[in-house]
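# Topology and contacts: notes
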Amino acid sequence: CKYTCQQSPAMKGLRELSSVVDSVRSNAGAALKGVQRHVEESALKAAGLGEEEEAMYRLNKNTQTYMRAADAMQHAAKTLCDDFAAAMEDMALRDLARQL
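On a predicted model such as this, the values are computed, not experimentally measured, just so you know. (Residues numbered from 1 in each chain as written. Predicted model: local features only at pLDDT ≥ 70, side-chain atom pairs only at ≥ 80, totals over all residues. Heavy atoms only, no water.)

## Notes on the pattern of salt bridges
Our working rule: Put simply, a salt bridge is a Lys or Arg side-chain nitrogen that is within 4 Å of an Asp or Glu carboxyl oxygen. Where helices and strands are cited, they refer to DSSP runs of H or I of at least four residues and of E of at least two residues respectively, numbered from the N terminus. Exposed residues in this analysis have more than 50% of their type's maximum accessible area, buried residues have under 20%, and partly exposed residues fall in between, with area computed by a 1.4 Å probe over protein chains only.
This model, assessed by the stated rule, comprises one salt bridge. In this structure, Lys78 engages Asp82 in a salt bridge whose closest nitrogen and oxygen atoms are separated by 3.0 Å. On the criterion of helical spacing, the pair formed by Lys78 and Asp82 is a turn pair, its members being four residues apart in helix α2 (residues 51-99). Accessibility expressed as a relative area gives 52% for Lys78, which makes it exposed.

Put into structure tokens, the structure is as follows:
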């Protein structure tokens, strides 16, 4: 246990670095979304769109995002079903081979 229970300084440093990278990635993602939202609002105002048009633009954008996510989930479900069917078929063949 002398070697396996103690973490080396390099491992501790690597773990701390990983934590910092995760934090930076999270903050960068939030900042990017904020900038994107600001750019969209500025573009809508520059185009002379009022609040009603802006609301419709956001509704359209969010609807498209929702539809893409639903399509991705449907594709993922089909892929998962195909993988499950292949795994079950593989298990059935293994059982058959064991019986022979």
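## Quick notes on a nonpolar patch on the surface
Worth spelling out the cut-off: Patches here are clusters of residues that have more than 30% relative accessible area and form no salt bridge, with a 9 Å joining cutoff for like charges and a 5 Å cutoff for nonpolar side chains (Val, Leu, Ile, Met, Phe, Trp, Tyr). Areas reported here follow the Shrake-Rupley algorithm with a probe of radius 1.4 Å; residue values treat only the protein chains shown as occluding.
Together, Phe84, Met88 and Met91 give the surface a local cluster of nonpolar side chains, amounting to about 320 Å² of exposed area. Take Met91: it is sitting in helix α2.

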